[in-house]
Amino acid sequence: MKKISNLIILLVALIIFLNDSSTYLIADHLDKYDGEINLKGTIVNGTNPNIIYEYQISLMSTQNSSTELIEIDSKTTSSNFEFSKINIDESFTYFLMITHQEIPTIVFLEEIDDQYEIDIVVHDRAFTPEDISIIDYSIMIPHLSPESDVISILGLISFENIGNKTFYADLSDPNLSGLNLLRFSLPENFENLSVDSDLPPGNVMQIPTGFALSNPVPPGQHQILYSYSMPRNTTSINYTVRLPFGAKKFKLLAPEKTDINKNEILTNELTEVDEKIYEVLSGNNIKNGEIINIQINKIATPTFYDKFLSFTKKNSISVLIGTSSATILLILIFLSIYRNTQRNYKHEDEENELIEKILKLDERFKNKQIEQEEYIILRNSYKKRIKGKI
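Residues numbered from 1 in each chain as written. Predicted model: local features only at pLDDT ≥ 70, side-chain atom pairs only at ≥ 80, totals over all residues. Heavy atoms only, no water.

## A short note on the overall build of the protein chain
Argument step 1. Of regular secondary structure, the protein chain possesses five helices and 22 strands.
Argument step 2. Considering only intrachain contacts with a sequence separation of at least 6, the fraction spanning at least 24 residues in the protein chain is 73%.
Argument step 3. Per element, the accessible surface of the protein chain, about 20700 Å² overall, is 50% carbon and sulfur. (Helix = DSSP H or I, 4+ residues; strand = E, 2+ residues; numbered from the N terminus. Contact = heavy atoms within 4.5 Å. Areas by Shrake-Rupley, 256 points an atom, 1.4 Å probe, with all protein chains shown as cover.)

Right, dumping it as structure tokens:
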């Protein structure tokens, strides 16, 4: 039963992953195959190269926006594999999948440079996260919008699996505890949690104190980008940040003049992000298992003048420009890009600025001020730029 339940979890996660990615996994990249799939390659075990395993590799497909996974062909091999003379249907997305020790390794055909020299690296499984190390743990509370009384918060976690095995918790183990999960803390009463990562497909498990991920974590560096909101009219937040994996860098940004109880582990300073001043609590080389308590007593809110100025600007734009919200968005993006090219921010300031842009973009989307297609493209663009700053 263990094997069946894990397989179901993987297939459900993979279907969700493919549906979320269908906007980008279009068939244009299949042009180089000239209407026919011919693949040849080798499977390498990155944990124990000298040990011979038998692998099952499958050529899979799914029709864009469909929930059905189709196995086109499958091979059992200890190393070399080949698929040949398979006709391409441009309405489908194609990928290779290897499941080793219940861990899926997926390679989309669009990611393959040479279809006749494909190297796919798989790793053995680790059941505990002992090799997980946090590189950077950032939390940002943006300046409140004059038009909203809801606090939206964004987190960016960069971490690394420093071992040579893929960490993948056994969710079917009745003795599984939080100590064996990739988990992160959130304040009480959080709402509207959204989590993105560059990990292989998995599920987000929401718990009262935060969230945990069931995704496999291969060796190497990875990122998690998450956002959530607090109940309407929230003015204070009590953070209990548990760091079971420690953190080489930790920082929390909040609007200037926010009343924050000082923490003995963290230092306090001011920084400017996109022409706005933030309080920054930061710390380095925090030990595994450390707990950081941060009491935010009162979050700075927009003044009457800020609200009046925002109202004036908003209505002036509507009168003077008199065009669609999409055009306004393009103008704002152009101005933002222009400002960015004129400034020489340090890497941390650039990262914080991109985080705030994502929050603003999320707010516009929630208020139906931007179409979904534009929203997805812009959000992924910002995420890729953030990844380049770490």
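## What about the confidence of the model for the protein chain?
Argument step 1. Overall, the prediction assigns the protein chain a mean pLDDT of 80, with 75% of residues at 70 or greater.
Argument step 2. Note on residues 1-8: pLDDT under 50 across the span, and eight contacts to partners over four residues away in sequence or across chains.
Argument step 3. A low-confidence stretch, residues 21-27 (pLDDT under 50), is modelled with twelve contacts involving residues beyond four sequence positions or located in other chains. (pLDDT = per-residue confidence, 0-100.)

## So, the side chain of histidine 123
Argument step 1. Tracing the backbone shows histidine 123 in the loop between strand E7 (118-122) and strand E8 (125-126).
Argument step 2. Histidine 123 sits in the buried class, given a relative accessible area of 19%.
Argument step 3. Once residues within four sequence positions are removed from consideration, histidine 123 is found in contact with Gly46, Thr47, His100, Ile103, Asn164, Lys165, Thr166 and Pro219. (Buried < 20%, exposed > 50% of the residue type's maximum accessible area, 1.4 Å probe, protein only.)

## What about the packing of aromatic side chains?
Argument step 1. This model, assessed by the stated rule, comprises nine aromatic pairs.
Argument step 2. Taking the centre distance of 5.6 Å and the plane angle of 40 degrees together, the rings of tyrosine 137 and phenylalanine 250 count as tilted. Taken together, the residues span a long stretch of sequence, with tyrosine 137 in strand E9 (residues 132-140) and phenylalanine 250 in strand E18 (residues 247-255) at a distance of 113 residues.
Argument step 3. Taking relative accessible area as the criterion, tyrosine 137 reaches 1% and is therefore assigned buried.
Argument step 4. Under the relative-accessibility criterion, phenylalanine 250 is labelled buried at 2%.
Argument step 5. The structure contains a cluster of three or more aromatic residues connected by ring pairs, namely Tyr137, Phe184, Phe190, Phe211, Tyr226, Tyr228 and Phe250. (Phe/Tyr/Trp six-rings, centres within 6.5 Å; stacked < 30°, edge-to-face > 60°.)

## As for the pattern of salt bridges
Argument step 1. One pass over the full model with this rule turns up four salt bridges.
Argument step 2. Its salt-bridge partner being lysine 251, residue aspartate 136 comes within 3.4 Å of it at the nearest N-O pair. Here aspartate 136, found in strand E9, pairs with lysine 251, found in strand E18; they are 115 residues apart in sequence, far enough to count as distant. Lysine 251 carries the same exposure label as aspartate 136, and that label is buried.
Argument step 3. Residue aspartate 274 pairs with lysine 360 through a salt bridge whose shortest N-O separation is 3.4 Å. Separated by 86 residues along the polypeptide, aspartate 274 in the loop between strand E20 (267-273) and strand E21 (276-286) and lysine 360 in helix H4 (residues 347-366) bring together distant segments of the chain.
Argument step 4. By relative accessible area, which is 29% here, lysine 360 ends up partly exposed. (Salt bridge = Lys/Arg side-chain N within 4 Å of Asp/Glu carboxyl O.)

## Structural notes on the nonpolar core
Argument step 1. Among the nonpolar cores identified, the biggest contains 45 residues, and Tyr137, Leu182, Ile224, Tyr226, Tyr239, Phe250 and Ile294 are the most heavily contacted of them.
Argument step 2. The residues touching phenylalanine 250, leaving out its near neighbours within four places in the chain, are Tyr137, Ile139, Val241, Leu266, Leu281, Ser282, Gly283, Ile286, Ile292 and Ile294.
Argument step 3. Formed by 22 residues, the second largest nonpolar core is a distinct cluster that contains Leu39, Ile88, Val107 and Leu109. (Core = buried A, V, L, I, M, F, W, Y, C linked by side-chain atoms within 4.5 Å.)

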